[in-house]
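Structure assessment
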Amino acid sequence: MSWPAGYGRRVLAEVDSTNAEAMRLVPVLTGPEWILALRQTQGRGRRGRAWTDPQGNFAGTLVLRPDGPPDHVALLSFVAALSLYDACVAATGRPEVFALKWPNDVLLNGGKLAGILLESTGGAGGVTHLAIGIGVNLRSAPDTAGVEARAVRPVSLMTGTGANVAPEEFLDLLAEAFAAWKARFDAYGFAPIREAWLARAARLGQEVTARTMRQAITGRFETIDDRGNLVLVTAQGRVAIPAAEIFFDGGGDASGD
Ligand SMILES: O=C(O)CCCC[C@@H]1SC[C@@H]2NC(=O)N[C@@H]21
């Protein structure tokens, strides 16, 4: 294992949120930088949720200055998800227990092990900096009391596989995997990333429910398209969904978040 050339590495004892810290560091950064916090006090999750981080779990952010228009930059979330998957496999040697849940969660034995939160600066004209925040339940899963009804239950790497992996060790695996997938993305575009992501996808070909801000759509999970949209085949036909939360056991009666 080797730390990838060109990437910086910072380890902090404690921070509010590694994504917030990434954005504070933007003015002084000269290249892509990984920021790891051994304790995070105000972790942020997707859709405005809080992300709780018991000690021993992984809370890290890669901040970089991406190339290309915003929809191309957004595809880095799939690059990050694949890297996270590979780091989990490298840490445990157990590919059969992990899967990817659209858009970018990692599942372990069907439970949620890890999540990714992308935040950016800039706007429609271009993303100036992207923070790819990653949380992994290495040692313990948060209390299910705080988890939305019907959401995938949280699990930990330690309980699910017996592997006891330190956050610093996980960072090394993740940084190496990310550099390799990112180089592939830069050289060949989204096609190989899409193919690799689909090969690791949970519930492909099965019925799922996608909850957007406005509605719940149930259909057969056919694929992801070349923009990373979720493609469902529904009773009304094929639909491509750019942003939603996926539920595996229905959830179709919900009308919003
Ligand atoms: O809701 C999700 O699934 C995404 C969770 C992302 C959490 C990580 S922990 C490190 C980084 N810093 C944050 O404040 N959030 C992300």
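Residues numbered from 1 in each chain as written. Predicted model: local features only at pLDDT ≥ 70, side-chain atom pairs only at ≥ 80, totals over all residues. Heavy atoms only, no water.

Labelled according to an unreviewed UniProt entry, the chain appears under the name biotin--[biotin carboxyl-carrier protein] ligase, originating from Lutimaribacter pacificus. UniProt lists a comment for the chain under the heading Catalytic activity (unreviewed entry), and it reads "biotin + L-lysyl-[protein] + ATP = N(6)-biotinyl-L-lysyl-[protein] + AMP + diphosphate + H(+)". (UniProt positions renumbered as here; feature names shortened; annotations may be inferred.)

This paragraph deals with the layout of surface pockets. Think of a ball as big as a water molecule: rolled over the atoms, this probe shows where empty space is left. In this structure, the largest pocket encloses a volume near 660 Å³. In terms of lining, the largest pocket is formed by 36 residues, of which the most central are Gly-45, Arg-49, Ala-50, Trp-51 and Lys-112. Where the lining of the largest pocket is concerned, the elements lending two or more residues are helix H1 (18-25), strand E3 (58-64), strand E6 (111-123), strand E7 (126-136) and strand E12 (245-247). A per-element tally of the lining of the largest pocket places E6 first, with 4 residues. For the lining of the largest pocket, the class distribution of residues is 13 nonpolar, 14 polar and 9 charged. The two domains that each donate at least three residues to the lining of the largest pocket are domain 1 (8-199) and domain 2 (207-248). Around the second largest pocket, the lining comprises 20 residues; the ones closest to its centre are Ala-74, Ser-77, Pro-103, Pro-242 and Ala-243. (1 Å grid on protein atoms, 1.4 Å probe; cavity = no way out; pocket = protein on both sides within 12 Å on 5 of 7 lines; lining within 4 Å. Points joined across faces, edges and corners; volume = space filled by probe spheres on them. Helix = DSSP H or I, 4+ residues; strand = E, 2+ residues; numbered from the N terminus. Nonpolar A, V, L, I, M, F, W, Y, C, P; charged D, E, K, R; others polar. Domains from an automatic or database assignment.)

So, on to the side chain of Glu-245. Examined against the element boundaries, Glu-245 turns out to sit in strand E12. Overall, Glu-245 belongs to the buried group, its relative accessible area being 12%. Beyond its immediate chain neighbours, meaning those up to four positions away, Glu-245 contacts Arg-46, Arg-47, Arg-49, Thr-209, Ala-210 and Arg-211. (Buried < 20%, exposed > 50% of the residue type's maximum accessible area, 1.4 Å probe, protein only. Contact = heavy atoms within 4.5 Å.)

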